[in-house]
Amino acid sequence: VIWVAIAVAGGLGAASRYLVDRLVATKLSLVGLAIAGR
Amino acid sequence: MSDRSSSLRHVGLVFAGGMFGAVTRVALATWFPVRPGSYPWTTFGENLTGAFLLGFVLSFLAETRETDPTVRLLVGTGVLGAFTTYSTLAIEVSDLLGDGVVGTAITYAVASVALGVIAALLGIVTGGSLARRGGWAPRGNG
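Structure report, in brief. Keep in mind the model is a prediction, meaning the values are calculated, not measured. (Residues numbered from 1 in each chain as written. Chains lettered and ligands numbered in written order. Predicted model: local features only at pLDDT ≥ 70, side-chain atom pairs only at ≥ 80, totals over all residues. Heavy atoms only, no water.)

Before going further, it helps to spend a moment on the interface of chain B and chain A. Contact with chain B, which involves 17 residues of that partner, is made by 13 residues of chain A. Contact between chain B and chain A buries roughly 1,200 Å² in total, counting both sides, with carbon and sulfur atoms accounting for 80%. Of all residues in chain B, Val11, Phe15 and Val23 of chain B bury the most surface against chain A, accounting for 35% of the area lost on that side. Taken together, the links from chain B to chain A amount to 1 residue pair in polar contact (both at pLDDT 80 or more). If you list the elements that add at least two residues to the side of chain B that touches chain A, you get helix H1 (3–31) and helix H3 (70–83) of chain B. (Contact = heavy atoms within 4.5 Å. Buried area = accessible area lost by both parts, 1.4 Å probe. Polar contact = N/O pair within 3.5 Å; in protein donor to acceptor, adjacent residues only side chain to side chain. Helix = DSSP H or I, 4+ residues; strand = E, 2+ residues; numbered from the N terminus.)

Have a look at this one:
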């Protein structure tokens, strides 16, 4: 059971970090576009 | 494939890779436990190995002009992202400082970062070289 928990936690950690990376990248792109559009 | 299902697939790849990377890391930490006050060789080795492999994979994919993100997300972001650990490095340095072995703590922190960069560079060179010599890279490249 503990190994399953570790696996699920590892998967969640990796996936959430990926999603945060993507979110930040999207926000930065929007900021970049806004600056470029000035 | 729609953007939505493509995004779900990408998250699924990272999740699957993360499961494998985390279990491998914890298994190694269980088989090779670190005694209090001693150099954390297990985490040190995992981080350097992960840095080398990430450099290798990303360089290999770049050299072969791979546009499908499957391997990058599964192995790079998922497996190696979960296999390597910055937080454990930070905790172990903190523990070593708490145990009063300041020299070991500083050596561990500096060596992890400096040798990690060197390991990643070695991986980048090796991965790119293998892609070219193995005939996986497009002709006329570089």
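Residues and elements named next belong to chain B. Per the stated rule, a full pass over the model turns up 1 salt bridge over all chains. With a shortest N-O distance of 3.1 Å, Glu63 and Arg132 are connected by a salt bridge. Of the two residues, Glu63 sits in helix H2 (residues 41–63) while Arg132 sits in helix H5 (residues 102–133), which places them 69 residues apart along the sequence. On the accessibility criterion, Glu63 (15% relative accessible area) is buried. (Salt bridge = Lys/Arg side-chain N within 4 Å of Asp/Glu carboxyl O. Buried < 20%, exposed > 50% of the residue type's maximum accessible area, 1.4 Å probe, protein only.)

Attention now moves to the packing of aromatic side chains. Residues and elements named next belong to chain B. The final tally for this structure, using the stated rule, is 8 aromatic pairs over all chains. Their ring planes at 75 degrees and their centres at 5.3 Å tell us that Tyr39 and Tyr108 sit as a pair that is edge-to-face. Taken as a pair, Tyr39 in the loop between H1 and H2 and Tyr108 in helix H5 lie far apart in primary sequence, 69 residues in all. Through successive ring pairs, a cluster of aromatic residues spans Tyr39, Trp41, Phe44 and Tyr108. (Phe/Tyr/Trp six-rings, centres within 6.5 Å; stacked < 30°, edge-to-face > 60°.)

Positioned with a positive phi, Arg65 of chain B is a non-glycine residue whose angle comes to about 60 degrees. Inspection of the secondary structure puts Arg65 of chain B in the loop between H2 and H3.

One finds Tyr39, Phe44, Leu48, Leu89, Val93, Leu96, Ala105, Tyr108 and Ala111 of chain B forming the largest nonpolar core, which totals 9 residues. Breaking this core down by element, the ones donating at least two residues are H2, helix H4 (86–98) and H5 of chain B. Phe44 of chain B has contacts with Tyr39, Tyr108, Ala111, Ser112 and Leu115 of chain B, leaving out every residue within four places of it along the chain. Listed in part, the 5 residues of the second largest apolar core include Ala14 and Tyr18 of chain A together with Val14 and Leu73 of chain B. (Core = buried A, V, L, I, M, F, W, Y, C linked by side-chain atoms within 4.5 Å.)

With that settled, consider the packing of H4 of chain B against H5 of chain B. Residues and elements named next belong to chain B. Remark: H4 packs on H5, axes separated minimally by 7 Å, with the N-to-C direction vectors making an angle of 160 degrees. Here H5 runs roughly antiparallel to H4, going by the angle between their axes. Handedness of the crossing formed by H4 with H5: left-handed. Contacts between H4 and H5 involve Leu89, Glu92, Val93, Leu96 and Leu97 from the first element and Val102, Thr104, Ala105, Tyr108, Ala109 and Ser112 from the second. In terms of residue class, the contact of H4 with H5 is built from 8 nonpolar, 2 polar and 1 charged. (Axes fitted to C-alpha atoms, helices over the stretch in contact; angles between N-to-C directions. Parallel < 35°, antiparallel > 145°, perpendicular 65-115°, else oblique. Left-handed = near helix turned anticlockwise from the far one by under 90°. Nonpolar A, V, L, I, M, F, W, Y, C, P; charged D, E, K, R; others polar.)

To continue, consider H4 of chain B. Residue and element names in this part refer to chain B. With 13 residues, H4 ought to run about 18 Å at 1.5 Å a step, and its terminal C-alpha atoms sit 18 Å apart, in line with that. Within H4 the residues assigned to the buried category are Leu89, Glu92, Val93 and Leu96. The arc enclosing the buried residues of H4, seen along the axis, measures out at 100 degrees, which places them on a common side. Projecting away from the buried face of H4 at angles above 90 degrees are the exposed residues Ile91 and Gly98. Elements that come into contact with the buried residues of H4 comprise H2 and H5. A positive backbone phi angle near 85 degrees is found at Gly100, which sits one or two residues after H4. (Expected span 1.5 Å × (residues − 1). Arc of directions from axis to C-beta.)

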